Amino acid sequence: MSQLSSEDEAELQSLLKQLLRSINDRISGAPSTECAEEILLHLEETDKNFHNYEFVKYLRQYVETSLGTVVEEETKNLTRGDGQHAIGSGHDTLIHAVTRRTRDSSEYQQMMQTLKNTMIMVVESLINKFEEDQMRKEEMHREKQHSQSNSQYTDNCSDSDSSFNQSYAFIRQEQLQALAEKLDSSRPKEVRWEALQALCCAPPSDLLSCESWSSLRRNLCAALTDPDLSDNVLQFFAKSFSSSPLNVTREIYTSLAKSVESSFLSHKLSFPTGSAAVDINRPEISRLLKQIRLMNDFQKEVTTFWIRHPEKYMEEVIESTFSLLSFHHEHGSASSGSEKSLEPIHLLALLDIKATWFKKWMHGYYSRTVVLRLLERKYKSLITAALQQCVHYSESRERLTNETTDPGSAEQQNSGSAQRSVYTGKELEYALFVHSLCVLGKVLIYTNGRKLFPIKVKKRKDPVSLTDLVVILINILYQHPKPPHGDPSHTDSLSPSGLAMEVLWMLCERTECATECLYQTPVIETLLAPVLALLNGQQAKLKSPAATLTLIADVLARVANTDRGLALFLYEKNVVGAHGERTFAAHVIVQFALRLLEKELSSQSESDASHALCGAFIFVCRQIYNTCEGLQVLRPYGLHRAVAAAWKKTSSLSERVPTPVPGATAVTSTQELQSMLVWEETLLDSLLNFAATPKGLLLLQQTGAINECVSYMFSRFTKKLQVSRCEKFGYGVMVTQVAATAPGVVALHSSGFIRAVVVELWSVLECGSEDVRVVRPKPTPMEPIDRSCLKSFLSLVNLLSSSQSVWELLGRQPLANKSEYTLREMPTSIPDLIDRLIAVNSDAKINSLFHYEQSHTFGLRLLSVLCCNLDSFLLLESQFNISSMLLQSQRENVTEPDASEGEFIIDSLSVERNHVLVRVSAVGGPSERKLPPRALQEGEDPYPWPMFSHHPLPCCYTLDPSKIHQSSLDSEISAFLASSKDSKDEESWMEMCRRQYCKVMSSKPNSLTGKVLADLLEKVVAHLSNSATECFFSPAQYKAEEKTAKSAVLSSVEQLGISTCFRYGSYLKLLKEDAVNELTLLMKHIKIFLSTQRVKTSSQLITQQDGYPGHDWLASTVFLIMAGDVDRSLSLLLNLSSLLTSAFIWPARIHASVHVPLEVAVSGIPPVYWCTAHYVEMLLKAEVPLVHSAFRMSGFTPSQMCLHWLTQCFWNYLDWTEICHYVSTCVLMGPDYQVYTCVAVFKHLQPDILQRTQTQELQVFLKVR
């Protein structure tokens, strides 16, 4: 490249000067020239803006222009030879080689020489210019010094905020005394002005500590009233406020407050009440405004440091402020009817319209206590005046509702201008209203502030209570719902509706405030008055109905989102209906939402506003129906069907929106489509929230929109969006609720949710973090499941908690069992996950895992949780032969695999396998089996539990069963049954039986087993099934023919269930050796009987296609109770099938039954879920709220555990005696006792549940305990 031109040299000089200015602070701060050179040499390493400097950009461009072709040619030459790829170490080698050859090239040498010569010239030119500038500055400085006077006060006082341009001369006490005398009001104005100038230039610390400070302060306050001296005094006060301690500044502040107060008293200022303007640039008003501005700045800043000083200082500041603001309220009066007194509060409201100073004072407890105490004892008139202002504004708005203009919106005029000096009387009044409302809003949220109410105000007979004030705010909301949309500069923050809503929101967010202020009948009546009017076909007295009703819905939603507010809507008749009768608020709200959906309100049109209004009221309903108790109230209205119908209509319309044609109004079409899509999402979101409760999920399934809703949820879940503005938790609970049912988990699968969970797990478990260079290696996991994988583990547990979900995801799905797996092959489904992590039975699978031990341990832990659900285990065993696979792995995990008897190798995997094998082989409650721990012990024998690779199970894992009383002698129940055989009064006999049962259960529960229990159940079931009032279903019409029964075929799952039941019965010593055939015969009878009770369905759900999915655990339980007697068991079950209780304690009996509505029968959701579990969640919230909250926080649901426990009749969770008591209690006392049993279990487990929630293992604890 040739020599740089003169223009290039000039540009380089300018860019270099710019660079030096940018780093001036760093260079000038260097202690020596050598350090400055080091800073420049390492500037790229230390300055993050290095590459943004124009000088550096210029050099980079120059280098690229000079050497670009050289680098390209060298790169081509090098890569052409050996064909290296530009990755890894080869990439680094290539870069080094190209760099070396480029630096050896002639082009590089020429570029460096040119650049060096040019920069030498540029630097010399800069140095010469610098020396010339320095000489010129020195000459000017000498001239300036020569022209200056010899006065000791050399600096003019600066009114800027910076102190860099200010220099202070030291001042003696004698001089201060002289200045104080010169400031006396008797002295000429020129003398006082010169003294003020001197004071402004002196150090404030010297002035404030001098002996004559008190007289000096007095004279300064007197000078405030002089228009020519006022600004200088304020300047001095401002400087003192910023540099003096509170013990001094409080004196200045109180003096300033008194001065302002006396000025208002002497001037007796006023302003017109109409539209006439008042000019704040009038000298007397402008002077007062500046003084109050200084006070307001101090008010807002003093909160940051007054806690470091004695409370009396703070109290003086607060009291002087309140005295100033309340003085004219007590003594001032209007000069005439057309004018009002201008008071300090008016000017303060103009300066700080939202009362920021008061909010800061009320923020900290230290100052809030003093503020509220003074307001209560001495300055309650301040709150009274603020309240009076709100009352006046509300009443004036009511009188002007019919006017086309909006006089209450004075704050909107000229809002776009940068600065204003003229305000109308209405604007001053409105500013004061805003200020007053902000003050009241802050007072209301504190207990001692609310104690100030009720307050007596003018022109009102009764004092204004808290409820009255809230009603006033709502009325303000009605009269001025929104600011004009045409003014883009105006925001809602100063509109009446925005201000009222801010206060209402604050009250809603605090429980105590809401209870005292909002949750009152007059408030609810006022909120719902326009709604009731529209429902009754009347015109609502609202200026803008759609906007106002939307704001009402917002408040109602926030109220309904709290427990107390929801109870107020559901259980208190606080609204007067159309015919004068009192009704519940929830009913009014849902009726109005339905009307909006059906477009029955003539005042509403097809517009965005109507959609917004309808969506707002559906959102209120949503806060109600996403709770169990709320859904009970709203269910009869069929809101889910109405929302689904609206969604289907909107969805079809959005598909038919025409494609924009050239020349047509494309913008309108696009906006219409966008509006329709937003409305469609709103409806879909509302439908989705029905899935928050078990019964709501059934209703959602019946709408036919469950797949679309779950897909919508997945789209929001992946974006990590909040459920709604009122929800405290994410979608975790809803996902778990949906996953508990067959249609729900199928919807999750089709949406891609399960695939996403599996892929995320695999990425964390096997792939690790992003593929970047590891600077520090990850620590070796100490826990079997690393914390990074815990979230994915819990997600899988939630998804696979229900046996119905497992059947839908795994049923008829074989494992891949490939001969080879590539390292990049990722599982995308649950069967794939089981194949890769659980059924690791080949070298190919072992070699495909990067972290074999950790990943397989994860899989075994997941399997352990899955096998806790007996029906899930039976499916896994029947399809994948899990037990044999684990036993084979144990046989191979020995010290001498070839020998017949080798010792087991104790490692993490063998311990996990042993735990799973014991869990699936031993049946029983906590007192009937002992599961081996997963952790090793200290000492010589780290794992004393015997491992096994063949059945039977070692004896140490089963405990001696409790003694079962087969004899009926000496039993109170037996005596009762024997003495009441001839009783004719059927109802009284049942009541007596229940009383006797309760007596025995409360005194000797363990005696109610064996033959006594069998006799009791048989007698009670026979008695109830013969009673027309107790018989809920039609009596069983079944002839037990043994030949027909033997021809029936049982599935492999049912056969495995029979084997499990027989093992348990043998352990309990209830069954004989040949009882397997008897139990098989019973199961065949029941299967034939129940098959005649089921509807024929074309459902795609696996659980709906081949009878009941799983084993009939209730029939097995009855068989054990009857000690293996087939006839007695079959008779009891047939009689039981006609009772309502059977629908809940016998899941197989009600599965796809003809005795329930067809849409429920084909839904795939059992009554034990949508009924029992629903009521369990409802009672838990009321009776055991801590447990209910723990479930919500963990993302798990009580309904999933209830479904788990009740489907398998509490097997493996309760001891045999307790299982018998559960069955007998539900049969004798009624099906509702199933709900009470579950609630009792949760209450018993409360301490453990709360503890496990904190450690994020609630799901696992409840399942594997």
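If you look the protein up in an unreviewed UniProt entry, it shows as Protein broad-minded from Collichthys lucidus. Recorded in UniProt for the protein, the comment headed Function (unreviewed entry) runs: "Required for high-level Shh responses in the developing neural tube. Together with CDK20, controls the structure of the primary cilium by coordinating assembly of the ciliary membrane and axoneme, allowing GLI2 to be properly activated in response to Shh signaling."

For Val 248, the location among the structural elements is in helix 13 (residues 246-267). Sequence-wise, Val 248 and Tyr 313 are 65 residues apart; in three dimensions their C-alpha atoms are separated by 9.5 Å.

The subject of this paragraph is unusual backbone geometry. Cis geometry marks the peptide bond from Phe 453 to Pro 454; its omega dihedral reads 0°. Within the fold, Pro 454 resides in the loop between helix 21 (447-450) and helix 22 (466-479). Here His 951 and Pro 952 are connected by a cis peptide whose omega angle stands at 10°. Despite not being glycine, Asn 881 has its phi angle at roughly 55°, a positive value. Structurally, the position occupied by Asn 881 is in the loop between helix 43 (870-880) and helix 44 (882-892). Take Asn 881: its relative accessible area is 40%, and that puts it in the partly exposed class. In this structure, Phe 1210 is a non-glycine residue whose phi angle is positive, near 65°. Relative to the helices and strands, Phe 1210 resides in the loop between helix 59 (1198-1207) and helix 60 (1216-1229).

We now examine a negative patch on the surface. Taken together, the side chains of Glu 1073, Asp 1074, Glu 1078 and Asp 1127 define an acidic patch exposed on the protein surface. Mapped onto the fold, Asp 1074 is located in the loop between helix 50 (1052-1067) and helix 51 (1075-1091). By relative accessible area, which is 46% here, Asp 1074 ends up partly exposed.

Scanning all chains against the criterion turns up 33 salt bridges. As a salt-bridge pair, Lys 340 and Glu 429 come within 3.3 Å of each other at their nearest N and O atoms. Linking Lys 340 in strand 3 (residues 339-341) with Glu 429 in helix 20 (residues 425-444), this pair joins segments that are 89 residues apart in sequence. A relative accessible area of 13% places Glu 429 in the buried class. One salt bridge connects Lys 818 with Glu 825, and the closest N-O pair in it is separated by 2.4 Å. A relative accessible area of 38% means that Lys 818 is categorised as partly exposed.

Thresholds applied
Residues numbered from 1 in each chain as written. Predicted model: local features only at pLDDT ≥ 70, side-chain atom pairs only at ≥ 80, totals over all residues. Heavy atoms only, no water. UniProt positions renumbered as here; feature names shortened; annotations may be inferred. Helix = DSSP H or I, 4+ residues; strand = E, 2+ residues; numbered from the N terminus. Buried < 20%, exposed > 50% of the residue type's maximum accessible area, 1.4 Å probe, protein only. Patch = residues over 30% accessible without salt bridge, like charges linked within 9 Å, V, L, I, M, F, W, Y side chains within 5 Å. Areas by Shrake-Rupley, 256 points an atom, 1.4 Å probe, with all protein chains shown as cover. Salt bridge = Lys/Arg side-chain N within 4 Å of Asp/Glu carboxyl O. Lys, Arg positive; Asp, Glu negative; His and termini not counted. Charge placed at Lys NZ, Arg CZ, Asp CG, Glu CD.

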